[in-house]
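# Structural characterization, general
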Amino acid sequence: YLIKAEDALNEERTRVSEYLNLSSESKILRVVEEELLEVVEKMLLEKESSGCKVLLAQDKSEDLKRMFRLFGRLDNGLQPMATIVQGFISNMGSDCIDKRATRLETEKDKNDDPEFVKSLLSLHDKYLGVIKNDFAGHSLFQKALRDAFEEIVNRNVGQFSNAELMSTFCDRVLKTGGEKLNETEVDDSLEKVVQLFSYLTDKDLFAEIYRNQLAKRLLNQRSASDDSEKMMIAKLKMQCGTQFTSKMEGMLGDLAVGSDQKTEFENRIKQLKNETKESSKLDFSVQVLTTGFWPTYKS
C-alpha cells in the first residue's frame, strides 16, 4: 500500500509539471497525502501483518525508510510512529530482563553477568543503527530510544543492580584474564557501556563500584592496559564532567608518580652497590597513595 501511495504522489507531481500550473502542486499533493496517508495512518501503523512493529521485528529496513518518508510529510505524522518504536524497544529490553530473571531461578545471583550486559549492549547498538539509518537520526526517534532505555537500564532484577553489573563488565574488559579482546574491541565495548551508563539514574553508585574495582586492578597489577584505563575514565569524564572522575584520575596519577619514584630508588641502589661493591639484593617496593583518592578498606 505504501509503495502505491508513494507512486501516486510521484505521478501527481509529474502531472503537475507537465500539464498544470506549478503553484497548484502543493495543494494537490496535500489532498493526496490526506486521503492516502492521514486518514488511514493509525490503521497502517498498527496493522498486524505489516505495521511498524512487524517491520521492526523483521528488520525491514527499506519498508521502514518508506514509512518514515511518507508519514514525515504529515503534520505530527511521525509521533505515533515514534511511540510504537519506543514501545517495541521497551518490550525487547523486557525480554532481556526476563531471561535474566528466569536464569536466576536456577543459578546463584552474582555481580557478574556478562551475558545480560552483552544482550543490552547488542540491543542498544542495533536500534541506535535503525534510528540513524532508517529514521535519519530524527529527534523524535532519538527520544524514543532514550526513553525506552532509561526504563530498561533502571529496572533491576535480583540482588545486584544494573549499575554494578555494568561496572563488573568493564572490570572484565579491563583486567588481565577477563574478556579476550583486542585493543579496538576493548575501545568499542567500553564506548557501548558508557552509552548505556548515560541512561542510569544512579550514576554515583556506578562510580563508587567502578572506583573500588579500579583500585583492585591497579594495586594488584591486574590492569591489562594503562591506556585503556585512561580511555575509559576520559569517556566517563565526557559524560559527567571533571568532578565525577577526579578521584579515578588521581589514582592513576599516584601510580605514575610511584613508578617514577621506584625507578629512581632502584637506580640509586644500583649506584650504591657499585660504589660499595656489595652483592646483597634489596627487595623493596612501596606504593605511596593519596588518602582522598583511594577507597577506604576496613583494617
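Scroll up to find the structure.
The following paragraphs examine the structure supplied in this document. Remember, predicted model here, so these are calculated numbers, not experimental data. (Residues numbered from 1 in each chain as written. Predicted model: local features only at pLDDT ≥ 70, side-chain atom pairs only at ≥ 80, totals over all residues. Heavy atoms only, no water.)

This part takes up the packing of helix 7 (residues 114–133) against helix 10 (residues 183–197). Helix-helix packing: each pair is described by the crossing angle between the helix axes and the interaxial distance. For the pair helix 7 and helix 10, interaxial distance at closest approach is 10 Å and the crossing angle is 85°. Judged by the inter-axis angle, helix 7 sits roughly perpendicular to helix 10. Across from Leu120, Leu121, His124, Asp125 and Leu128 in helix 7, the residues of helix 10 making contact are Lys192, Val193, Gln195 and Leu196. Looking at the contact of helix 7 with helix 10 residue by residue, the classes come out as five nonpolar, two polar and two charged. (Axes fitted to C-alpha atoms, helices over the stretch in contact; angles between N-to-C directions. Helix = DSSP H or I, 4+ residues; strand = E, 2+ residues; numbered from the N terminus. Parallel < 35°, antiparallel > 145°, perpendicular 65-115°, else oblique. Contact = heavy atoms within 4.5 Å. Nonpolar A, V, L, I, M, F, W, Y, C, P; charged D, E, K, R; others polar.)

All right, on to the packing of aromatic side chains then. Inspection of the entire model under this criterion finds eight aromatic pairs. Plain terms: the ring middles of phenylalanine 68 and phenylalanine 135 are 5.9 Å apart, the flat faces sit at 45° to each other, and that makes the pair tilted. Pair noted here: phenylalanine 68 is in helix 5 (residues 61–71) and phenylalanine 135 is in the loop between helix 7 and helix 8 (139–153), with a separation of 67 residues, a long-range link. Each member of the pair, phenylalanine 68 as well as phenylalanine 135, is classed as buried. Between the aromatic rings of phenylalanine 135 and phenylalanine 141, the centroid separation amounts to 4.3 Å while the plane-to-plane angle is 25°, which identifies the pairing as stacked. On the basis of relative accessibility, which here comes to 0%, the residue phenylalanine 141 falls in the buried class. Three or more aromatic residues link up through ring pairs in this structure, and these residues are Phe197, Phe206, Tyr210 and Phe244. Sitting over the ring of phenylalanine 116, arginine 100 keeps its end group 5.6 Å from the ring centre. Of note, lysine 203 hangs over the ring of phenylalanine 197, and the distance from its end group to the ring centre comes to 5.6 Å. (Phe/Tyr/Trp six-rings, centres within 6.5 Å; stacked < 30°, edge-to-face > 60°. Buried < 20%, exposed > 50% of the residue type's maximum accessible area, 1.4 Å probe, protein only. Lys NZ or Arg CZ within 6 Å of the ring centre and 35° of its normal.)

This brings us to unusual backbone geometry. Positive phi outside glycine occurs at alanine 136, with the angle close to 55°. By the secondary structure assignment, alanine 136 is in the loop between helix 7 and helix 8. Positive phi is not limited to glycine here, since glutamine 221 has a value of about 55°. Counting through the fold element by element, glutamine 221 comes out in the loop between helix 11 (203–219) and helix 12 (226–240). We classify glutamine 221 as exposed; its relative accessible area is 64%.

Now for the environment of glutamate 164. With respect to the secondary-structure elements, glutamate 164 resides in helix 9 (residues 162–174). If sequence neighbours within four positions are ignored, glutamate 164 has contacts with Asn111 and Ile209.

A few words now on a nonpolar patch on the surface. Residues Phe265, Phe284, Val286 and Val288 make up a contiguous nonpolar surface patch of roughly 360 Å² in combined accessible area. For valine 288, a relative accessible area of 51% puts it in the exposed group. (Patch = residues over 30% accessible without salt bridge, like charges linked within 9 Å, V, L, I, M, F, W, Y side chains within 5 Å. Areas by Shrake-Rupley, 256 points an atom, 1.4 Å probe, with all protein chains shown as cover. Salt bridge = Lys/Arg side-chain N within 4 Å of Asp/Glu carboxyl O.)

Before going further, it helps to spend a moment on the environment of glutamate 191. Inspection of the secondary structure puts glutamate 191 in helix 10. With 44 residues separating them along the chain, glutamate 191 and lysine 235 place their C-alpha atoms 7.4 Å apart.

What follows covers the pattern of salt bridges. Counted by the stated rule, this structure contains 25 salt bridges. Across the pair glutamate 191 and lysine 235 runs a salt bridge whose closest N-O atoms are separated by 2.9 Å. Residue glutamate 191 is found in helix 10, and its partner lysine 235 is found in helix 12; the two are separated by 44 residues along the sequence. Taking relative accessible area as the criterion, glutamate 191 reaches 34% and is therefore assigned partly exposed.

Compared with an ideal rise of 1.5 Å per residue, which puts 15 residues at 21 Å, helix 12 spans 21 Å between its outermost C-alpha atoms and is within 8% of the ideal. Where helix 12 is concerned, the buried positions are Ser228, Glu229, Met232, Ile233, Lys235 and Leu236. The buried residues of helix 12 occupy one face: seen down the axis, they fall within an arc of 155°. When the buried face of helix 12 is taken as reference, the exposed residues oriented beyond 90 degrees from it are Asp227 and Met238. On its buried face, helix 12 sits against helix 9, helix 10, helix 11 and helix 13 (242–276). N-capping of helix 12 is provided by serine 225, with a side-chain oxygen placed 3.2 Å from the backbone N of aspartate 227. Two residues or fewer past helix 12, glycine 241 is found with a positive phi of approximately 95°. (Expected span 1.5 Å × (residues − 1). Arc of directions from axis to C-beta. Polar contact = N/O pair within 3.5 Å; in protein donor to acceptor, adjacent residues only side chain to side chain.)

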